[in-house]
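Okay, here's what each chain looks like letter by letter:
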Amino acid sequence: MSRESILASVRAHKPASIDLPSAPTFGIRYEDISTQFKQAVESVGGICTEINAVEEIKPLIDQHYADAKTIFHTIGDELPIPSLSAREFSTPHDGDKLDLLITRGTLGVAENGAIWVEEKQLPQRSLFFLTQHLVLVVKASTLLHNLHEAYASLGLDHTAQPWAGFIAGPSKTADVEQCLVIGAHGSRSLLVLLET
Amino acid sequence: MKIGLFIPCYVDQLYPHVAKATLTLLQQLNLDVDYPLAQTCCGQPMGNTGCSDDVKPVAEHFIKTFKPYDYIVCPSGSCTSMVRNHYKDVASHCEGYDHVSTRTMELCEFLVDVIQIKEINASLPYRVGLHQSCHGLRELRLAKSSERMDAPFSKVTQLLAMVKGIELVELDRKDECCGFGGTFAIAEEAISCQMGKDRIADHLQAGAQIMTGIDMSCLMHLNGLITRNGDPLRVVHIAEILAGTIK
Amino acid sequence: MTQMHTHHPKKAAAFVSDQARTTWHNKALWFVRQKRDKAAASLPEWEQLRDTAAQIKAHSLSNLDEYLEEFERNAQAKGITIHWAATGDEHNQIVYDILKTHQVREVVKSKSMLTEECHLNPFLEKRGITVIDTDLGERIVQLRNEPPSHIVLPAIHVKKEEIGELFHEHMGTKKGASDPKYLTESARLDLRKKFLDAEAGITGVNFAVAETGSVVVCTNEGNADLGTVLPPIHIACMGLEKIIPKQENLGVFLRLLARSATGQPITTYSSHFNGPQKGSEMHVVIVDNGRSELLSRKKFWRSLSCIRCGACMNTCPIYRRSGGHSYGYVIPGPIGSVLAPNKDLAAHKSLPFASTLCGSCTDVCPVKIDLHHQLLAWREEVVKAGKLNPGKRLAMKLTSWVLQSPQRYKLAGKCARLAMKLPRVFLYNPLNIWGRQRDLPPAPPESFQEWYTKNRDKNS
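Asks: Is there a simple way to explain the interface of chain A and chain C in this structure?
Replies: How big an interface is tends to be stated in terms of the accessible area lost upon association of its parts. Taken together, the contact pairs 72 residues of chain A with 103 residues of chain C. Here chain A and chain C share an interface that buries about 7100 Å² over both sides, 59% of which is from carbon and sulfur atoms. Interface area lost by chain A to chain C is led by A:Asp175, A:Gln178 and A:His185, which between them contribute 11%. Across the pair A:Arg11 and C:Asp65 runs a salt bridge, and its minimum N-O distance is 3.2 Å. Linking chain A with chain C are 43 residue pairs in polar contact (both at pLDDT 80 or more). Where the side of chain A that touches chain C is concerned, the elements lending two or more residues are α1 (3-13), α4 (126-130), α5 (147-154), β7 (163-167) and β8 (172-173) of chain A. Take the side of chain A that touches chain C: its biggest share by element is seven residues, from α1(A). In the side of chain A that touches chain C, the residues fall into 34 nonpolar, 26 polar and 12 charged. Examined bridge by bridge, β7(A) and strand β9 (residues 269-273) of chain C share five bridges and lie antiparallel to one another. Directly across from A:Gly165, in β9(C), lies its bridge partner C:Ser271.

Below, the structure written as structure tokens:
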């Protein structure tokens, strides 16, 4: 094991200590945070629709994902869409059958359309990535202006679970001649429902 | 205020009319200008090749030659930057280093920052493209580079705007390098020439009739390509425009 | 494929000789640079962000041993196994040993410049393990059996028709099909199967957070997530400079990274891996491979701040016209030209000279690495090591000797101007590299100095 020799080499070679700057206070803030968030979601390839109540979700799903057969959601009984049982996902691979996942985001970030999600909200986190289409429901009251605010609000508790992260838009690639293609390996679309 | 005129070696040898225009311009402003005859070169060719040992005696000679002057004014951003930014490694021990390295100024910045010039008695009723020479732009900060996101400014366009009748054209890539790069022009001849051709094409598509800049070295490279290809573009140094010496 | 040294001018000249392709390549990358400009301009605090990021990196590097140990402690507490590799080979051996223990035959890998640097793929393949690169661009270059030509856009040098041909051969796509949507969809279907079958997943690391022991990986395609959530083993490979002190620092870096790289406000997935899933293993391999030594080099240690956004490549007028492969190093462009000589000065001595020192890279860099000054400093190292071409070295000595004396300078100038008066046929001889595509300026009858001496009285 090279642990000791590497650390010794770092210690011997590192430059004189330089101070850590204090946490930024300059993050951008927007006059209309919801409008900015919506625009940001769209700029990263997603669709964002405002809703006033959970009852409005079903018609939107019917409209956007009429073909979806296998659906899993964590919204609860208020959403009258039949969901597969969590028991159907006993291994990460079980997520491959999923057409549509509907779940909530903890918070949304206005500057970039990113939405924070966590492993513990699903039977398998693989569903976030294996599902063909993804719907994230975000409360407008959770919107923050920028990532500095987002990390300050998140704290460190999430690190007790194996995975958490930001999702901004559907999966995408531009590796063929810089031509943007939506739907790389992860979800082919992202619908964000902003609950006001 | 005694000004030492610093004429880069290749301008002295190949473009005396640019040096004359610089002198004329400074004299038009009633400045006390002297051209010290002992001057040779700033040492940039060796410096940019990494031969700092060879820069040292040349830098020492430069400092000795120019230390009696209040300001040292030079019609080149690249050579000015050599003195201001790169002498510290080889000549900071010299008597007069602090003075010379801080008081050496590129012509345009001298006119804007020191003289604070408000009008220029010259006219040029043509469409002109400005080639931003990189060292003036990013080492001397004569303008905001396109990469940076702070407030825009440009000391060079500020001066050109005072010239009557001039129409500055908008380039597609407003501060891309021309590909000269000193010995790069020879060592990487293929890329150097391609960069130059692209730069010229940008001026042509923008409708420029004249291309100007603050560094004759970039312009020598570009004009070499223009002449060879017979492109309809005239190349002049900014000192010629500001002094009104273009024929 | 793993042979890594080059004479940049030669490969660059070969690349640029295909004018149409050069223009296409140049435009494609300039387009990315423009997207970056737009994204950067959308934040009034952009320059403050860069300052802050540079300072966080400088702080982390100047306290790196402590942060490495803190990271290790916190990661181990979360059930992550930490490995230390002094060299690329040791890194490869560690990865191989993990895979061998679990009898892994096929592994999916998401983008990691570190594993490219260590030549992990050939190492594993030689030992019977199939590696599938899952980033679409990486998959393309893997199937072409060549290294990436860009760290963020690995296949930026390849045309869609060539990709169509490649996929036809390897994935059975329709002959002649080159629609990016169709090709991407085909790769999705092909790789989805490979993700589901994979026995282990390898990723790089964008940031390792000391205070939490978490590693953060950013992708647009979701390949790092699929590649780590499905197989029971996740191996994350990182250079030791990837450490940042606190989670809140991610706010600064994630704001800069994607905007600088592609002009996106953030990548699609910013995954925080905090430990193994239930029933799985997670390993982090911390690699030195010359980095700790680089820390001691006063003029160069800040190059370790690099967050691998690729912005310096997109903006570099030489990179755009010579392509990533002309650099002959795993990381091309300005940052590669600064990192490569640290590995092997003799092999990469042409790279610090593959620049006009225009400084665009320095101004675009989100962590403010003084790239063009480091390129110049490397030129000095090349000279000090006696590796500059002897003819050039002699020419510089001679030039210096001439320029130390006004008399010698005057004489040399006169001779040069005389020589330039030679008839064209002599002047534009094969030795005149300048004159291949460019005319020389007409030599004036007298220098400024000669004119001034004659007219001095009038002038004073």
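Additional details are given in the paragraphs that follow.
Asks: Would you mind showing me how to read the interface of chain B and chain C here?
Replies: Between chain B and chain C, the contact holds 70 residues from the first and 78 residues from the second. The three residues of chain B that bury the most area against chain C are B:Gln13, B:Met149 and B:Arg228, which together make up 11% of that side's buried surface. Summed over the shared surface of chain B and chain C, the number is 11 salt bridges. Here C:Arg320 makes a salt bridge to B:Glu176, at a shortest N to O gap of 2.6 Å. Summed over the shared surface of chain B and chain C, the result is 40 residue pairs in polar contact (both at pLDDT 80 or more). For the side of chain B that touches chain C, the secondary structure elements donating two or more residues are α1 (9-14), α2 (16-28), α3 (44-49), α4 (52-66), α9 (134-139), α11 (184-187), α12 (189-205) and α13 (216-229) of chain B. By residue number, the principal contributor to the side of chain B that touches chain C is α12(B), which donates nine residues. When the residues that make up the side of chain B that touches chain C are grouped by side-chain class, the tally is 31 nonpolar, 22 polar and 17 charged.

Asks: Mind showing me how you'd approach the sheet that holds β7(A) here?
Replies: Strand pairing in a sheet is mediated by backbone hydrogen bonds. Such pairs are either parallel or antiparallel. Taken together, the seven strands give an open sheet; going across it, the order is β4(A)-β5(A)-β7(A)-β9(C)-β6(C)-β5(C)-β8(C), and neighbouring strands pair in mixed fashion. For this open sheet the edge positions go to β4 (107-108) of chain A together with β8 (243-244) of chain C, each flanked by a neighbour on one side alone. Relative to β7(A), strand β5 (residues 115-118) of chain A runs antiparallel, the two being bridged by four bridges. For A:Trp116, the partnering residue across the bridge sits in β7(A) and is A:Phe166.

Asks: How do you make sense of the packing of α5(A) against helix α12 (residues 249-261) of chain C when you look at a structure like this?
Replies: For any two helices packed against each other, one specifies the inter-axial angle together with the distance between the axes. With their axes 8 Å apart at the nearest point, α5(A) and α12(C) run at an angle of 145 degrees to one another. Where α5(A) crosses over α12(C), the two elements pack in a sense that is right-handed. Residue-level inspection shows A:Leu147, A:His148 and A:Tyr151 of α5(A) in contact with α12(C), the latter providing C:Leu250, C:Gly251, C:Val252, C:Leu254 and C:Arg255. Here the contact of α5(A) with α12(C) is built from residues that sort into five nonpolar, two polar and one charged.

Definitions and cut-offs
- Residues numbered from 1 in each chain as written.
- Chains lettered and ligands numbered in written order.
- Predicted model: local features only at pLDDT ≥ 70, side-chain atom pairs only at ≥ 80, totals over all residues.
- Heavy atoms only, no water.
- Contact = heavy atoms within 4.5 Å.
- Buried area = accessible area lost by both parts, 1.4 Å probe.
- Salt bridge = Lys/Arg side-chain N within 4 Å of Asp/Glu carboxyl O.
- Polar contact = N/O pair within 3.5 Å; in protein donor to acceptor, adjacent residues only side chain to side chain.
- Helix = DSSP H or I, 4+ residues; strand = E, 2+ residues; numbered from the N terminus.
- Nonpolar A, V, L, I, M, F, W, Y, C, P; charged D, E, K, R; others polar.
- Pairing = 2+ DSSP bridges.
- Axes fitted to C-alpha atoms, helices over the stretch in contact; angles between N-to-C directions.
- Left-handed = near helix turned anticlockwise from the far one by under 90°.

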